[in-house]
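# Structural characterization, general
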Amino acid sequence: ICIREAATQIFKEYYHGRQNGDKQETPQFTCIFHDWGVVAGSIFTNRALEENFAQYIPDKVVLLDVLMGPHPKYNDIPSQDEVPYSLSPSIYSALIIVSYQSALASAFFMLTYFSELLGVITLSVLI
């Protein structure tokens with residue numbers, strides 16, 4: 001709901017002060033979501049599409065996160081020639097991903113089975 005309210009406010013600000021004679025173009029609505037915002041952003045985008053809220057359907061969606069690769073059944077993966085970067089991670093980036101995920105998993109384990117303080121300390125030490 002908060003993303004929808006923010007989008008409403010952005011559109012109000014865009015149209016604020018325009019006269020009826022002004023050319024009212026619909027602005028491009030690009031949503032950029034990062035880290036845990038990817039979850040909320042995906043929910044928002046899917047609901048806008050499912051419920052057909054035309055003014056809230058983003059023209060483009062950008063998800064920035066340390067995620068696993070796409071599902072094997074996903075068939076809309078761009079070819080290596082279509083993207084300016086490598087789809088397969090280098091050894092260095094694979095090590096970074098594994099260490100990041102290990103740090104988060106360790107902190108979650110400490111937080112869940114021992115104490116909140118120990119979870120926070122583990123996360124701050126490992127990252």
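Before reading on, note that the structure itself is shown above.
Here is a short report on the structure shown in this document. Being a predicted model, the structure only gives us computed values, none of them experimental. (Residues numbered from 1 in each chain as written. Predicted model: local features only at pLDDT ≥ 70, side-chain atom pairs only at ≥ 80, totals over all residues. Heavy atoms only, no water.)

Here we take up the overall build of the protein. When you go through the protein residue by residue, the secondary structure sums to four helices and two strands. In sequence order, the protein lays out its α and β elements as α-β-α-β-α-α. Taking all 127 residues of the protein together, the buried fraction comes to 15%. Residue pairs in contact within the protein that sit at least 24 positions apart in sequence constitute 51% of those at least 6 positions apart. Of the accessible surface of the protein, which amounts to about 10300 Å², a share of 61% is contributed by carbon and sulfur atoms. (Helix = DSSP H or I, 4+ residues; strand = E, 2+ residues; numbered from the N terminus. Buried < 20%, exposed > 50% of the residue type's maximum accessible area, 1.4 Å probe, protein only. Contact = heavy atoms within 4.5 Å. Areas by Shrake-Rupley, 256 points an atom, 1.4 Å probe, with all protein chains shown as cover.)

Here helix α3 (residues 91–113) crosses helix α4 (residues 116–126) at 165°, and the two axes come no closer than 7 Å. On the basis of the axis angle, α3 is roughly antiparallel to α4. Here α3 and α4 pass one another in a crossing that is right-handed. Contacts from A103, L104, S106, A107, M110 and L111 in α3 reach E116, L118, G119, T122, L123 and L126 in α4. Within the contact of α3 with α4, the residues separate by chemical class into eight nonpolar, three polar and one charged. (Axes fitted to C-alpha atoms, helices over the stretch in contact; angles between N-to-C directions. Parallel < 35°, antiparallel > 145°, perpendicular 65-115°, else oblique. Left-handed = near helix turned anticlockwise from the far one by under 90°. Nonpolar A, V, L, I, M, F, W, Y, C, P; charged D, E, K, R; others polar.)

Turning to the pairing of strand β2 (residues 60–64), a few remarks are in order. Sheet topology places strand β1 (residues 30–34) next to β2; five bridges connect them, and they run parallel. From the neighbouring strand, I32 faces β2, where its bridge partner is V62. (Pairing = 2+ DSSP bridges.)

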